[in-house]
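The lines below spell out each chain.
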Amino acid sequence: MIATVKHFISSLVSDEHPEFDNTLAIASLLCEVCIADHHLSADEKIVATRSLEKVLNVNAEKAAELLSVGMQEAKSSQSVFDFTSQLGDLEREQRIELIKVMWQVAYADGHLDEMEEALIRKVAALIYVNHSDFIRTKLAVMPQS
(Lines give C-alpha, C1' and ligand atoms only; values in the text may rest on other atoms or scores of the structure.)
Protein backbone atom coordinates (compact mmCIF):
# COMPACT_ATOMS: atom_id res chain seq x y z
CA MET A 1 0.00 0.00 0.00
CA ILE A 2 2.74 2.46 0.94
CA ALA A 3 4.65 1.61 -2.24
CA THR A 4 1.52 2.33 -4.28
CA VAL A 5 1.05 5.72 -2.62
CA LYS A 6 4.75 6.59 -3.11
CA HIS A 7 4.53 5.61 -6.78
CA PHE A 8 1.41 7.75 -7.20
CA ILE A 9 3.09 10.72 -5.55
CA SER A 10 6.24 10.37 -7.62
CA SER A 11 4.12 10.35 -10.77
CA LEU A 12 2.61 13.70 -9.71
CA VAL A 13 5.86 15.45 -8.97
CA SER A 14 8.21 16.36 -11.76
CA ASP A 15 11.92 15.72 -11.42
CA GLU A 16 12.44 19.45 -11.85
CA HIS A 17 10.91 20.12 -8.42
CA PRO A 18 12.43 17.60 -5.99
CA GLU A 19 11.72 19.87 -3.03
CA PHE A 20 8.09 18.78 -3.19
CA ASP A 21 8.60 15.16 -2.25
CA ASN A 22 6.23 15.79 0.67
CA THR A 23 3.23 16.51 -1.53
CA LEU A 24 0.90 14.03 0.14
CA ALA A 25 1.50 15.63 3.54
CA ILE A 26 0.71 19.08 2.15
CA ALA A 27 -2.42 17.84 0.37
CA SER A 28 -3.56 15.99 3.48
CA LEU A 29 -3.17 19.11 5.63
CA LEU A 30 -5.33 21.09 3.21
CA CYS A 31 -7.89 18.29 3.38
CA GLU A 32 -7.75 18.41 7.18
CA VAL A 33 -8.80 22.07 6.96
CA CYS A 34 -11.61 21.16 4.56
CA ILE A 35 -13.09 18.64 6.99
CA ALA A 36 -12.23 20.34 10.29
CA ASP A 37 -15.72 21.85 10.62
CA HIS A 38 -17.36 18.52 9.63
CA HIS A 39 -18.68 20.10 6.45
CA LEU A 40 -16.81 19.77 3.17
CA SER A 41 -17.93 22.58 0.88
CA ALA A 42 -17.39 22.71 -2.86
CA ASP A 43 -15.70 26.10 -2.43
CA GLU A 44 -13.15 24.61 -0.02
CA LYS A 45 -12.36 21.81 -2.46
CA ILE A 46 -11.89 24.31 -5.30
CA VAL A 47 -9.57 26.52 -3.26
CA ALA A 48 -7.63 23.49 -1.99
CA THR A 49 -7.18 22.19 -5.55
CA ARG A 50 -6.04 25.58 -6.84
CA SER A 51 -3.69 25.93 -3.87
CA LEU A 52 -2.11 22.57 -4.66
CA GLU A 53 -1.64 23.63 -8.27
CA LYS A 54 0.18 26.76 -7.15
CA VAL A 55 2.18 25.42 -4.21
CA LEU A 56 3.19 22.12 -5.80
CA ASN A 57 3.39 23.37 -9.39
CA VAL A 58 1.12 20.65 -10.79
CA ASN A 59 -1.74 20.81 -13.29
CA ALA A 60 -5.41 20.84 -12.26
CA GLU A 61 -5.94 17.14 -12.96
CA LYS A 62 -2.98 16.06 -10.85
CA ALA A 63 -3.99 18.47 -8.08
CA ALA A 64 -7.50 16.96 -8.02
CA GLU A 65 -6.06 13.44 -7.85
CA LEU A 66 -3.71 14.46 -5.08
CA LEU A 67 -6.57 16.08 -3.18
CA SER A 68 -8.56 12.86 -3.45
CA VAL A 69 -5.70 10.77 -2.04
CA GLY A 70 -5.04 13.44 0.60
CA MET A 71 -8.68 13.30 1.68
CA GLN A 72 -8.43 9.54 2.22
CA GLU A 73 -5.25 10.02 4.24
CA ALA A 74 -6.78 12.84 6.30
CA LYS A 75 -9.85 10.77 7.12
CA SER A 76 -7.79 7.78 8.22
CA SER A 77 -5.10 9.71 10.09
CA GLN A 78 -4.95 9.80 13.87
CA SER A 79 -3.27 13.21 14.08
CA VAL A 80 -1.94 16.06 11.96
CA PHE A 81 1.47 15.11 13.33
CA ASP A 82 1.37 12.26 10.80
CA PHE A 83 1.68 14.96 8.13
CA THR A 84 3.62 17.74 9.83
CA SER A 85 6.40 15.34 10.78
CA GLN A 86 7.10 14.91 7.05
CA LEU A 87 7.62 18.63 6.45
CA GLY A 88 10.85 19.20 8.34
CA ASP A 89 12.79 20.00 5.18
CA LEU A 90 10.56 22.90 4.12
CA GLU A 91 12.19 26.31 4.06
CA ARG A 92 10.75 29.06 6.27
CA GLU A 93 8.93 30.74 3.36
CA GLN A 94 7.44 27.43 2.23
CA ARG A 95 6.11 26.79 5.75
CA ILE A 96 4.58 30.26 5.86
CA GLU A 97 3.05 29.74 2.41
CA LEU A 98 1.49 26.47 3.61
CA ILE A 99 -0.14 28.26 6.55
CA LYS A 100 -1.36 30.97 4.18
CA VAL A 101 -3.04 28.48 1.84
CA MET A 102 -4.56 26.70 4.83
CA TRP A 103 -6.17 30.02 5.80
CA GLN A 104 -7.41 30.43 2.21
CA VAL A 105 -9.09 27.02 2.37
CA ALA A 106 -10.61 27.82 5.77
CA TYR A 107 -12.08 31.09 4.51
CA ALA A 108 -13.26 29.62 1.17
CA ASP A 109 -16.78 28.88 2.39
CA GLY A 110 -17.18 32.40 3.79
CA HIS A 111 -16.96 31.29 7.41
CA LEU A 112 -13.98 30.60 9.65
CA ASP A 113 -14.92 27.83 12.04
CA GLU A 114 -13.14 27.70 15.40
CA MET A 115 -12.04 24.13 14.63
CA GLU A 116 -10.40 25.30 11.41
CA GLU A 117 -8.54 28.04 13.25
CA ALA A 118 -7.44 25.65 15.99
CA LEU A 119 -6.15 23.20 13.40
CA ILE A 120 -4.15 25.86 11.56
CA ARG A 121 -2.75 27.14 14.86
CA LYS A 122 -1.65 23.61 15.77
CA VAL A 123 -0.04 22.99 12.38
CA ALA A 124 1.76 26.36 12.55
CA ALA A 125 3.23 25.40 15.91
CA LEU A 126 4.25 21.93 14.73
CA ILE A 127 6.06 23.24 11.65
CA TYR A 128 7.65 26.12 13.55
CA VAL A 129 5.82 29.07 12.01
CA ASN A 130 6.07 31.91 14.51
CA HIS A 131 2.96 33.59 15.85
CA SER A 132 3.51 36.87 14.00
CA ASP A 133 3.64 35.01 10.65
CA PHE A 134 0.59 32.98 11.69
CA ILE A 135 -1.36 36.21 12.30
CA ARG A 136 0.07 38.03 9.27
CA THR A 137 -1.02 35.24 6.91
CA LYS A 138 -4.47 35.14 8.48
CA LEU A 139 -4.94 38.87 8.04
CA ALA A 140 -3.61 38.74 4.48
CA VAL A 141 -6.34 36.32 3.34
CA MET A 142 -9.17 37.36 5.65
CA PRO A 143 -12.19 38.57 3.64
CA GLN A 144 -12.86 42.27 4.02
CA SER A 145 -16.23 43.09 5.58
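Rules and cut-offs
- Residues numbered from 1 in each chain as written.
- Predicted model: local features only at pLDDT ≥ 70, side-chain atom pairs only at ≥ 80, totals over all residues.
- Heavy atoms only, no water.
- Salt bridge = Lys/Arg side-chain N within 4 Å of Asp/Glu carboxyl O.
- Helix = DSSP H or I, 4+ residues; strand = E, 2+ residues; numbered from the N terminus.
- Buried < 20%, exposed > 50% of the residue type's maximum accessible area, 1.4 Å probe, protein only.
- Core = buried A, V, L, I, M, F, W, Y, C linked by side-chain atoms within 4.5 Å.
- Contact = heavy atoms within 4.5 Å.
- Expected span 1.5 Å × (residues − 1).
- Polar contact = N/O pair within 3.5 Å; in protein donor to acceptor, adjacent residues only side chain to side chain.
- pLDDT = per-residue confidence, 0-100.
- Phe/Tyr/Trp six-rings, centres within 6.5 Å; stacked < 30°, edge-to-face > 60°.

1. A few points about the pattern of salt bridges
Throughout the structure, instances matching the rule amount to 6 salt bridges. Lysine 138 is the salt-bridge partner of glutamate 117, the closest N and O atoms lying 2.9 Å from each other. Linking glutamate 117 in helix α7 (residues 114-126) with lysine 138 in helix α8 (residues 131-141), this pair joins segments that are 21 residues apart in sequence. Classification of lysine 138 as buried rests on a relative accessible area of 14%. Between arginine 136 and aspartate 133 there is a salt bridge, with the nearest N and O atoms lying 2.9 Å from each other. Remark: aspartate 133 and arginine 136 occur in helix α8; sequence separation between them is 3 residues, near one turn of the helix. Through salt bridges that share partners, Arg92, Glu93, Asp133 and Arg136 make up one connected network.

2. Side note on the nonpolar core
Soluble globular proteins tend to pack their nonpolar side chains together in the buried interior. With 42 residues, the main nonpolar core has Ile99 and Met102 as its most contacted residues. Those elements that place two or more of their residues in this core are α2 (23-35), α3 (42-56), α4 (60-76), α6 (92-107), α7 and α8. Once residues lying within four places of it in the same chain are set aside, the contact partners of isoleucine 99 are Ile120, Val123, Ala124, Ile127, Val129, Phe134 and Thr137.

3. Quick word on α4
Counted at 1.5 Å a residue, the expected span for α4 with its 17 residues is 24 Å, and the 24 Å between its end C-alpha atoms agrees. Every buried residue of α4 is accounted for by Ala63, Leu66, Leu67, Val69, Gly70, Met71 and Ala74. Its side-chain oxygen 3.2 Å from the backbone nitrogen of glutamate 61, asparagine 59 forms the N-cap of α4.

4. Digging into the confidence of the model for the chain
Residues with a pLDDT of 70 or more make up 85% of the chain, whose mean pLDDT is 88. Taken as a whole, residues 14-20 scores under 50 in pLDDT and shows 6 contacts with residues more than four places along the chain or in a different chain.

5. Points about the packing of aromatic side chains
With the rule as written, the count across this model stands at 2 aromatic pairs. Residues tryptophan 103 and phenylalanine 134 carry aromatic rings whose centres are separated by 5.2 Å and whose planes lie at 55° to one another, so their mutual orientation is tilted. Of this pair, tryptophan 103 sits in helix α6 while phenylalanine 134 sits in helix α8, placing them 31 residues apart in sequence. The class of tryptophan 103 is buried, set by a relative accessible area of 0%. Residue classification places phenylalanine 134 among the buried residues on the basis of a relative accessible area of 2%.

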